[in-house]
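Structural features, examined
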Amino acid sequence: AASEHGGKKMWPEGPRCAATRYWGAKVVASDGRGGFEEHWCMLQVHASQEDRHMENVKMVVDDAKDVASYAHSFNQATAKACGADVSDEVPGIKVLAPVGAYVIGSTVPDIGVGQAVTLSMYPYNAVKKFVFEGSEDFLELPQAFFHYVAWMSGGRELVADLQGMQDDEGVILTDPVLLRSDQPGIGDILGVIGVPGVGGKDEGARDEERFNLWHPRCG
C-alpha cells in the first residue's frame, strides 16, 4: 500500500512499490544424509497476477543483495564504534536472502502454474514494520540503518519498507526496498548531497519529504 503525506503519494510507482501478498510456506528438503528436513519460508508474490514474472522477482533479489551489502558495512561500523572485535558481538542488521522460482504446480487458487514467486527462509509467525510510513514505533537500530544508507550512498539511495523481526542479536529484514537515483537531490542531510529518489522534476522535494516522514527521529 502507498503511504500518503499532505495528499501526496510518498511511494514511487513501479513493481517494487506495488501491492504484494505473502504466505507462510513449509518447504521439505533433503538433509544431505538420506532424510528430509522442514523449513518455514515466506512465499511472496505480486498482488497483480500480470506482474508475476521473473523480471520483477529479480528486482526483489537484487534489492536484498544490495541492502545486505549495506548491512555488512553498517554492522562493521557499529562494532568498531562499540569497541568490539567482530560485528557478531553487537546487535546488527541481517537481511534474508530470497530466491526466485517458477510455480510448476499449485493447490492455491490465487497462485497459478508458470507464475514467478519469491521464497525466503522465515521461521517467524509475524512481520513487524520498522520503517514504512513514519508512524511505526521508534526503534533505534533500523532507523540508524535507514539513515546510514542515505549517508553512505551520497544521497543516491534510500532503503525503504524495513520489516521483519527483532531478536537479541539485532534486526532480521525481509523484502527491503531500495530506491535508487542517478542524480543527487537535496544537500542538507549531515553534509550528504541529497536524499535518493527515482528521478523526475519534483523528486528533490519529494525525497526530502520521504526522508523526514520515514525518519521522524534521529538517534
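What you see is a predicted model, and the numbers here were worked out from it, not measured in a lab.

Digging into the environment of Ser73
- By secondary structure assignment, the location of Ser73 is in helix 1 (residues 54–81).
- For the pair formed by Ser73 and Ile93, sequence separation is 20 residues and the distance between their alpha carbons is 9.9 Å.
- Once you skip the residues sitting within four places of it in the chain, Ser73 turns out to touch Tyr148 and Met152.

Describing the sheet that holds strand 6 (residues 99–102)
- The strand order across the open sheet formed by four strands is 3-4-7-6, and the pairing between neighbours is antiparallel. Each edge of the open sheet is held by one strand with a lone partner, namely strand 3 (20–30) and strand 6. Between one strand axis and the next, the sheet turns through 35 degrees on average, direction left out of account.

Looking at the confidence of the model for the protein chain
- Per-residue confidence for the protein chain averages 85 on the pLDDT scale, and 84% of its residues sit at or above 70.
- The low-confidence segment residues 1–8, where pLDDT is below 50, has 18 contacts with residues more than four positions distant or belonging to other chains.
- Per-residue pLDDT stays below 50 along residues 186–201; that stretch engages in 47 contacts with residues further than four places along the chain or on separate chains.

Focus on the pattern of salt bridges
- Per the counting criterion, the structure on display carries 13 salt bridges.
- Arg16 is the salt-bridge partner of Asp175, the closest N and O atoms lying 3.0 Å from each other. Here Asp175 is found in the loop between strand 11 (170–173) and strand 12 (177–180), whereas its partner Arg16 is found in the loop between strand 2 (8–9) and strand 3, with 159 residues between them in sequence. The burial state of Asp175 is the same as that of Arg16; both residues are buried.
- For Asp62, the salt bridge identified is with Lys58, shortest N-O distance 2.8 Å. Separated by four residues within a single helix, Asp62 and Lys58 lie in helix 1, roughly one turn from each other.
- By relative accessible area, which is 24% here, Asp62 ends up partly exposed.
- Each of Arg16, Asp63, Lys65, Asp66, Glu157, Asp175 and Arg180 takes part in one network of salt bridges that share partners.

Quick look at unusual backbone geometry
- The phi angle at Asp161 is positive, at roughly 50 degrees, despite the residue not being glycine.
- Structurally, Asp161 can be placed in the loop between strand 9 (157–160) and strand 10 (162–167).
- Phi is positive for Asp175, close to 50 degrees, though the residue is something other than glycine.
- Classification of Asp175 as buried rests on a relative accessible area of 7%.

As for helix 2 (residues 140–152)
- In a regular helix each residue adds 1.5 Å, so 13 residues correspond to 18 Å; helix 2 covers 18 Å between its end C-alpha atoms and thus fits that length.
- Here helix 2 has its buried residues at Leu141, Pro142, Gln143, Phe145, Phe146, His147, Tyr148, Val149 and Ala150.
- In the stretch just after helix 2, Gly154 is the one whose phi turns positive, near 65 degrees.

Observations regarding the sheet that holds strand 10
- Spatial strand order, 5-11-10-8: four strands in an open sheet with mixed pairing. On the outer flanks of this sheet lie strand 5 (92–95) and strand 8 (128–131), each paired with one strand and no other. The mean inter-strand angle of the sheet, taken between neighbouring strand axes irrespective of direction, is 40 degrees.
- Bridge count for strand 8 against strand 10 is three bridges, and the pairing is antiparallel. In the sheet register, Lys128 faces strand 10, and the bridge partner there is Gly164.
- Strands in contact with helix 2 are strand 5, strand 8, strand 10 and strand 11; relative to strand 8, the strand with the most contacts, it is inclined by about 45 degrees.

The rules behind each value
Residues numbered from 1 in each chain as written. Predicted model: local features only at pLDDT ≥ 70, side-chain atom pairs only at ≥ 80, totals over all residues. Heavy atoms only, no water. Helix = DSSP H or I, 4+ residues; strand = E, 2+ residues; numbered from the N terminus. Contact = heavy atoms within 4.5 Å. Pairing = 2+ DSSP bridges. Axes fitted to C-alpha atoms, helices over the stretch in contact; angles between N-to-C directions. pLDDT = per-residue confidence, 0-100. Salt bridge = Lys/Arg side-chain N within 4 Å of Asp/Glu carboxyl O. Buried < 20%, exposed > 50% of the residue type's maximum accessible area, 1.4 Å probe, protein only. Expected span 1.5 Å × (residues − 1).

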